[in-house]
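Coordinate analysis (summary)
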Amino acid sequence: MSIERETLVEFMEVDMGLDMSDIDDDTKLFSSGIVDSFSLVTLMTFIEGEAGFRLISSDMILDNFDSINNIIAFAEQGAARAAE
Amino acid sequence: MFYFADIWTAFDQTVARVGRDHPALIRGDVTVSFAALRALALEAAERLRAAGGAAGDRCVIWSENSVEMAAAILGAAAAGMVPVLVNAEAPQSHAIHAVTQVGATLLLTTEDKADVAADCVVLGLGSGLARGRMARGPAQTPAPRDAASIVFTSGSTGLPKGVVQSPANLMWGCHEVGRAVGLRADDRLVVAIPWAFDYGWGHLLTTFLYGVPQILPERKGGIGLCEAIARHRPTVLPSVPAVMAELVSGLTPIRDIDASSLRLVMNTGSKIPAPQFAQMLEVFPEIAISLNYGLTETYRSATLPLALARSKPAAVGAALPGAALAVLRADGTEASAGEKGEVIHRGMGVFLGYWGDGERTLAVRRPDPLAPDHLPRPAAMFTGDIGWMDDEGHLHIEGRRDRQLKSFGTRVSPDEVEGLILATGLVDEVAIVGVPHEMVGHQITAVIVPRGDEKAALRGLKISARETMSNFMRPMVWHVVERLPRNPNGKVDYPKVLAMATALAEARGRPG
């Protein structure tokens, strides 16, 4: 499974409480300080549930979570890894 | 002599001891010396008095860590008032609860929160903004020197409680912790823990009373912490497992920056899980590690000697000099080594009570069962934590007697979260459980029976949670069920709910 952009955006809006009008697909979420570490863990839990793979310690790189595009790409890779 | 009359007098003596130009607080380009902080505090005291504040009044300070907040706390102390600390992340309802619970006459907060509908005078931190009029109630009862601070914390049930600590306990704890880990005036703390939590408050006291300069990160989270470490070269990092987990996880640039100035890392809140402990040692191979255990109600209960951190990472050590710890059996007698029971804290550190809540105070602050006969019994703190002592007299914590949870190192009352969720009218039933999670401790998980449309209910609940709960208490995971499991008495079967939520968490991310 991968993550639909629409599902992710809705999650960011409802669960993370972000104002999505300020955020495009390349907006830096964590390195810019828009999102705190609490929300980061919430996001990781969401990715595991939606994309159907378990995060491992080498996945814990900021780049994987730092924008909508990066999250979707990372979820695709992870889902492919899980399918192997 | 360690025991001064009050926090302000003690701070004044620190200024004289470390020197006026010694840095007190450092944030970005700004360094505030002890003399400058003292001057800001006296200005704050003057503003509090001008707004009608009198000695003995309680003054709620609702803010994130800042120079202005530090000055306001000291200013309240200088004016003989009792500072009441509320975390910036707490929702408005918590700040109002604090004002009501302690009968505060003043609330100081940042401009973005100044529209708070609290029934007292509202002052802006550091600026002239003021709203409301002082309506003097009955004469204030507390002598200002009895109550040094009030910090709000969650129990296992009900709304957060205001923990009153005495000046003697704060000064004792601050100095004994400093001695135990060998803090020096040429150390530099970097503090990412809110001062509104007891652990953060303790570190602010380390600056006020021990004279150790404190660096405030300019941004939140692990990245802000890394920036502060790289730029200001701190020597001591106080942490909780969730902060450490993020810092060493690969989600921050800690491996790319020069963090060699750090000589000591301190942990409290809960045990650092083994994988994070290993990562921490990999990032900081030479660092001294201080493992601790304490409650807001005891300041600091236990500390493990630095030399033992690597060989006994599961232990939290022994009581500081002046305090004592014991493990009690169900019948109230003292347990033998290795035997589990409730941990009690005796001697110095035991809080004065929860402000305005005699009933919940008496439930945990009880006559010391191990005190000698023939003397009035002093109070001991019944922690509700289950633990055991090893053969070397070091405490190990295993869990709780009640349902209290720990998320991001902070206590969460599942009962309070359930109450806030029920109050939305969007659920018929709710059970809150804590699923063990490597990074956050307990992952707050809500199992609900929604009322009406499931999707609309979930959306409403999540939005409401942001408005009524601090971030660490908000459910991270929501499960919808048709009904909650109940035991034969008709009560919610929490062990079953937890087992279900844990199984779902384990299945998450696993195919099939």
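Residues numbered from 1 in each chain as written. Chains lettered and ligands numbered in written order. Predicted model: local features only at pLDDT ≥ 70, side-chain atom pairs only at ≥ 80, totals over all residues. Heavy atoms only, no water.

A short note on the overall build of chain A
The number of helices and strands found in chain A is three helices and zero strands. Its helices and strands in sequence order give chain A the pattern α-α-α, from N to C terminus. Its C-alpha atoms give chain A a radius of gyration of 12 Å, near enough to 12 Å, the size a compact globule of 84 residues would have. Its C-alpha atoms give chain A principal-axis dimensions of about 35 × 25 × 20 Å. The burial tally for chain A puts 52% of its 84 residues in the buried class. Per element, the accessible surface of chain A, about 3,800 Å² overall, is 45% carbon and sulfur. If you average the places of the 4 positive and of the 18 negative side-chain charges in chain A, the two averages end up 7 Å apart. (Helix = DSSP H or I, 4+ residues; strand = E, 2+ residues; numbered from the N terminus. Rg over C-alpha atoms; globule rule 2.2 N^0.38 Å. Buried < 20%, exposed > 50% of the residue type's maximum accessible area, 1.4 Å probe, protein only. Areas by Shrake-Rupley, 256 points an atom, 1.4 Å probe, with all protein chains shown as cover. Lys, Arg positive; Asp, Glu negative; His and termini not counted. Charge placed at Lys NZ, Arg CZ, Asp CG, Glu CD.)

With respect to the overall build of chain B
A tally of helices and strands in chain B yields 13 helices and 26 strands. Here the C-alpha atoms of chain B give a radius of gyration of 23 Å, agreeing with the 24 Å that 2.2 N^0.38 yields for 512 residues. In terms of overall dimensions, chain B has C-alpha extents of about 65 × 60 × 55 Å along its principal axes. For chain B, the proportion of its 512 residues judged to be buried stands at 58%. Taking the contacts inside chain B whose residues are at least 6 apart along the sequence as the reference set, 66% of them involve residues at least 24 apart. Across chain B, 50 positive and 53 negative side-chain charges occur, with their mean positions spaced 1 Å apart. (Contact = heavy atoms within 4.5 Å.)

Section: the confidence of the model for chain A
Scored by pLDDT, chain A comes out at a mean of 90, with 100% of its residues at no less than 70. Across chain A, the secondary-structure element scoring lowest on mean pLDDT is helix α2 (residues 37–51) of chain A, at 89, and the one scoring highest is helix α1 (residues 5–14) of chain A, at 94. (pLDDT = per-residue confidence, 0-100.)

Description of the interface of chain B and chain A
Listed as interface residues are 27 residues of chain B and, on the opposing side, 28 residues of chain A. Carbon and sulfur atoms supply 58% of the area buried between chain B and chain A, which totals about 2,300 Å² over both sides. On the chain B side of the interface with chain A, the three residues burying the most area are Leu251, Met476 and Arg508 of chain B, jointly 25% of the side's total. Among the ionic pairs, Lys462 of chain B bridges to Asp15 of chain A, the shortest N-O distance being 3.0 Å. (Buried area = accessible area lost by both parts, 1.4 Å probe. Salt bridge = Lys/Arg side-chain N within 4 Å of Asp/Glu carboxyl O.)

Looking at the pattern of salt bridges
Residues and elements named next belong to chain B. Overall, the coordinates contain 30 salt bridges over all chains when judged by the stated rule. In this structure, the salt-bridge partner of Lys312 is Glu392, at a minimum N-O distance of 2.7 Å. In this pair, Lys312 is assigned in the loop between β15 (302–303) and β16 (323–328) and Glu392 in the loop between β20 (379–389) and β21 (395–400), connecting sequence segments 80 residues apart. Connected through shared salt-bridge partners, Asp29, Glu218 and Arg231 make up one network.

Some points on helix α2 (residues 34–50) of chain B
Helical geometry note: an α-helix holds 3.6 residues per turn, so side chains three or four residues apart project in the same direction. All names here are of chain B. The terminal C-alpha atoms of α2, which comprises 17 residues, lie 24 Å apart, in line with the 24 Å expected from a rise of 1.5 Å per residue. The complete set of buried residues in α2 reads Phe34, Ala35, Leu37, Ala41, Ala44, Ala45 and Leu48. The positive-phi residue at the C-terminal boundary of α2 is Gly52, with phi of around 105°. (Expected span 1.5 Å × (residues − 1).)

Some thoughts on unusual backbone geometry
Residue and element names in this part refer to chain B. Even without being a glycine, Arg233 presents a positive backbone phi close to 50°. Residue placement: Arg233 occurs in the loop between α7 (221–232) and β12 (236–239). Phi angles above zero are rare outside glycine, and Tyr299 is one such case at about 65°. As for its placement among the helices and strands, Tyr299 is situated in the loop between β14 (288–293) and β15.

Remarks on the pairing of strand β8 (residues 149–153) of chain B
All names here are of chain B. With five of its five residues buried, β8 lies for the most part within the structure. Here β8 shows two buried faces, one formed by Ser149, Val151 and Thr153 and the other by Ile150 and Phe152. Of the pairings in the sheet, the one linking strand β4 (residues 82–87) to β8 comprises two bridges and is parallel in character. Its bridge partner being in β8, Leu85 is matched across the sheet by Val151. (Pairing = 2+ DSSP bridges.)

Things to note about helix α13 (residues 494–507) of chain B
Residues and elements named next belong to chain B. End to end, α13 covers 20 Å across 14 residues, agreeing with the expected 20 Å (1.5 Å per residue, within 8%). Every buried residue belonging to α13 is among Tyr494, Val497, Ala501, Thr502 and Ala505, and all of these are buried. Summarising the axial view, the buried residues of α13 lie within an arc of 130°, below the 170-degree limit, and thus occupy one face. Of the surrounding secondary structure, the elements contacted by the buried residues of α13 are α11 (414–422), β24 (427–437), β25 (441–450) and β26 (477–480). Gly509 lies just past α13 and shows a positive phi near 80°. (Arc of directions from axis to C-beta.)

Let's talk about the packing of aromatic side chains
All names here are of chain B. On inspection of all chains with the given rule, the structure shows nine aromatic pairs over all chains. Judged by centre distance (5.6 Å) and plane angle (40°), the rings of Trp8 and Phe11 are tilted. Pair noted here: Trp8 and Phe11 are both in helix α1 (residues 7–18), with a separation of three residues, about one helical turn. When its relative accessible area of 12% is taken as the criterion, Trp8 is described as buried. On the basis of an interplanar angle of 55° and a centroid distance of 4.9 Å, the ring pair of Phe351 and Tyr354 is categorised as tilted. Through successive ring pairs, a cluster of aromatic residues spans Trp8, Phe11, Phe34 and Phe208. Sitting over the ring of Trp62, Lys113 keeps its end group 4.9 Å from the ring centre. (Phe/Tyr/Trp six-rings, centres within 6.5 Å; stacked < 30°, edge-to-face > 60°. Lys NZ or Arg CZ within 6 Å of the ring centre and 35° of its normal.)

Concerning the packing of α1 of chain B against helix α3 (residues 67–78) of chain B
Between two packed helices, what matters for the description is the angle formed by their axes and the separation of those axes. Residues and elements named next belong to chain B. Two numbers describe how α1 lies on α3: the axes approach to 8 Å, and their chain directions differ by 115°. Side by side, α1 and α3 meet where Ile7, Trp8 and Phe11 of the first sit next to Leu74, Ala77 and Ala78 of the second. Classifying every residue of the contact of α1 with α3 by side-chain character gives six nonpolar, no polar and no charged. (Axes fitted to C-alpha atoms, helices over the stretch in contact; angles between N-to-C directions. Nonpolar A, V, L, I, M, F, W, Y, C, P; charged D, E, K, R; others polar.)

What to know about the pairing of β12 of chain B
Going residue by residue along β12 of chain B, you find Val236 and Pro238 of chain B tucked away on one face and Leu237 and Ser239 of chain B tucked away on the opposite face as well. Tracing the backbone out of β12 of chain B, into helix α8 (residues 241–247) of chain B and back to the parallel element strand β13 (residues 264–267) of chain B gives a crossover that is right-handed. (Right-handed = clockwise from strand over helix to strand, strands pointing away.)

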